[in-house]
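Coordinate inspection notes
Each chain, written out:
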Amino acid sequence: MAPKPKAPVYVLGVGMTKFIKPRGKVDYTELGYEAGIKALLDAGITYDDVDNGVACFCYGDSTSGQRVFYQFGMTQIPIVNVNNNCSTGSTGLYMGRTLIASGASDCTMVVGWEKMMPGSLGSHWNDRENPIGTTYVMMAQTRGLTKAPGAPQIFGNAGREYMEKYGAKKEDFAEIARINHAHSVNNPYSQFQDVYTLEQIMQSPAVHDPLTKLQCCPTSDGGAAAVLVSQSFLDARPHLKDRAILIAGQALTTDAPSLFSKSAIDLVGREMTQRAAELALGEAGITARDCQVCELHDCFSANEMCLIDALGLSDPGKAHEFVRSGAITYGPNSKVVVNPSGGLISKGHPLGATGIAQCAELVWHLRGWANNRAVKGTKYALQHNLGLGGAAVVTVYKRPDGQEAKVLGNEEVGKRNGVGYNPAVEARGFTEEQANKVRSKRRSEFALTKTLQLMKQAQSKV
């Protein structure tokens, strides 16, 4: 059955914190609050305009979302807490779009964050079945287990299979990481902004062949937020239309039986990515090769290799040749710039924020704001976010006018957004005056301030 046409949904505002090492110095309440205030400022609206909230995080107590959103105002709107592993942020965007497209909302705010523990990911629940336990069983039966952390084994094995089947070499995976690290220097929010040679990446400590340390994403603390709106909401505010970006296609899919085909590439969700791409690109009426810029889930360089193939950016089995040709970065041979933000490998990976940060990056490109890393002729942008267990979200963005993005200078951006600077190229905080401008006005300023003071006092006593 053909999918039903969806009502238009736009990304009106985005905002994010700088991604940082997980050292416990910034609490999740601050990460979510900063991202949300920035998104509201960017959207040019106040929290009173928001009629639904979606909170995205993996590590935290159940109603952490309410704790973050109440800082914007206690307006009694519905707030839903979302956890879908590493695809949590994009799942929140999918939920927000679904609410608006169905007519249940006109303005949904999606806020994601993560306050993580240092080191590799691990389960916090040892008295019950691990939701990806069957994945580990299949890996053990087909490739065996090593002393490396679980995630690098799963994705590293997919890289090994790509080498065995299609002729990729270790240098090809290292080249992916080299490119992403090189891209990160232009992203002020990136956790790492270091440039490495191919040799340095290959000679960094081995994790699980073919992966070395510099080919693996770090754990991170960070927050990101997006404001999604309907056509009627936007029509009522025509002065905001120049910043709105259309979600032209989107799909969330889950695992197929091929997960247990004994293929290491299938085990990292190849088929659900292919299906999500087919649906999202089909809805947008384009192919992956019509996109000029792409943010994809490079938790490991091996996964980026598999995704270039699964998304249809390259011919099947030819992703390594695509990488070798210079097709995924800036330059004369570029076909699509992949992860101009630096990707998860360099930007960082605070699970609940990652998908929304990808969205912010692509929105800035389509507005023409990412002037220090702009991709010539940008008309369509492709996003991919993956969570083992599993869920894959693919989204296609475009300008509502259907035109290519025109690169704007920082001064012009600062005038348009009213904050005086370009958030795509400069990571700043926010002032109390700016926060007051966008927080709820339904209660008196005294009542709102008193509420925040009481919340802080209660927190200090714990």
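Residues numbered from 1 in each chain as written. Predicted model: local features only at pLDDT ≥ 70, side-chain atom pairs only at ≥ 80, totals over all residues. Heavy atoms only, no water.

As a further point, take helix α6 (residues 170–184). In this model α6 runs 22 Å from its N-terminal to its C-terminal C-alpha over 15 residues, within 8% of the 21 Å that 1.5 Å per residue would give. In terms of burial, α6 is largely enclosed, as 11 of its 15 residues are buried. Of all the residues in α6, the buried ones are Asp172, Phe173, Ala174, Glu175, Ile176, Ala177, Ile179, Asn180, His181, His183 and Ser184. Packed against the buried residues of α6 are α5 (150–166), α7 (198–203), α11 (301–310), α12 (319–324), β10 (337–338) and α13 (343–347). (Helix = DSSP H or I, 4+ residues; strand = E, 2+ residues; numbered from the N terminus. Expected span 1.5 Å × (residues − 1). Buried < 20%, exposed > 50% of the residue type's maximum accessible area, 1.4 Å probe, protein only. Contact = heavy atoms within 4.5 Å.)

Moving on, we come to the sheet that holds strand β9 (residues 293–295). Overall, mixed pairing links the 10 strands, which are arranged β3-β2-β4-β7-β1-β8-β12-β11-β9-β10 in an open sheet. Whereas interior strands pair on both sides, the edge strands pair on one side only; in this sheet they are β3 (79–82) and β10. Pairing of strand β11 (residues 380–387) with strand β12 (residues 391–398) involves 8 bridges; the strand directions are antiparallel. What sits directly across from Gly387, in β12, is Ala391. (Pairing = 2+ DSSP bridges.)

Moving on, we come to the environment of Lys406. Turning to its location among the elements, Lys406 is positioned in the loop between β12 and α15 (410–417). Along the primary structure Lys406 and Ser105 are separated by 301 residues, whereas in three dimensions their C-alpha atoms are 31 Å apart. Apart from residues lying up to four places away in sequence, Lys406 is in contact with Arg367 and Gly368.

Take empty space enclosed by the protein next. Enumeration according to the criterion identifies 4 cavities of 30 Å³ or more in this entry. Approximately 140 Å³ is the volume attributed to the largest cavity. Elements with a minimum of two residues in the lining of the largest cavity: β1 (9–16) and α1 (28–43). Looking at the lining of the largest cavity residue by residue, the classes come out as 9 nonpolar, 4 polar and 2 charged. (1 Å grid on protein atoms, 1.4 Å probe; cavity = no way out; pocket = protein on both sides within 12 Å on 5 of 7 lines; lining within 4 Å. Points joined across faces, edges and corners; volume = space filled by probe spheres on them. Nonpolar A, V, L, I, M, F, W, Y, C, P; charged D, E, K, R; others polar.)

Quick look at the pattern of salt bridges now. Using the criterion set out here, one finds 26 salt bridges in the structure. Across the salt bridge formed by Asp48 and Arg442, the nearest N and O atoms sit 3.4 Å from each other. Of this pair, Asp48 sits in the loop between α1 and β2 (52–56) while Arg442 is found in the loop between α16 (432–438) and α17 (445–461), placing the two residues 394 residues apart along the sequence. By relative accessible area, Asp48 is classed as buried at 18%. Here Arg439 ties to Glu432 by a salt bridge, and the two come within 3.2 Å at their closest N and O atoms. Residue class for Glu432 comes out partly exposed when judged on its relative accessible area of 49%. Bridged by salt links that share partners, the residues Arg143, Glu161, Glu164 and Lys165 form one connected network. (Salt bridge = Lys/Arg side-chain N within 4 Å of Asp/Glu carboxyl O.)

Two elements in contact, helix α4 (residues 133–142) and α5, have axes separated by 11 Å at closest approach and are oriented at 55 degrees. Taken as axis vectors, α4 and α5 run oblique relative to one another. Two packed elements cross with a definite hand, and for α4 against α5 that hand is left-handed. Contacts between α4 and α5 involve Thr135, Tyr136 and Met139 from the former and Gly150, Ala151, Gln153, Ile154 and Asn157 from the latter. (Axes fitted to C-alpha atoms, helices over the stretch in contact; angles between N-to-C directions. Parallel < 35°, antiparallel > 145°, perpendicular 65-115°, else oblique. Left-handed = near helix turned anticlockwise from the far one by under 90°.)

Taken together, the side chains of Lys21, Arg23, Lys25 and Lys213 present a region of like positive charge at the surface. Among the structural elements, Arg23 can be located in the loop between β1 and α1. (Patch = residues over 30% accessible without salt bridge, like charges linked within 9 Å, V, L, I, M, F, W, Y side chains within 5 Å. Areas by Shrake-Rupley, 256 points an atom, 1.4 Å probe, with all protein chains shown as cover. Lys, Arg positive; Asp, Glu negative; His and termini not counted. Charge placed at Lys NZ, Arg CZ, Asp CG, Glu CD.)

Here we take up unusual backbone geometry. Residues Asp209 and Pro210 are joined by a peptide bond in cis, for which omega reads 10 degrees. Looking at where Pro210 falls in the secondary structure, it is placed in the loop between β5 (206–208) and β6 (211–212). Cis geometry marks the peptide bond from Gly389 to Gly390; its omega dihedral reads 5 degrees. In this fold, Gly390 is placed in the loop between β11 and β12. Of note in the backbone geometry, Gln76 takes a positive phi value of approximately 65 degrees without being a glycine. Structurally, Gln76 is set in the loop between α2 (64–69) and β3. Residue classification places Gln76 among the exposed positions, given a relative accessible area of 78%. A positive phi angle, near 55 degrees, is found at Asn339, a position not held by glycine.

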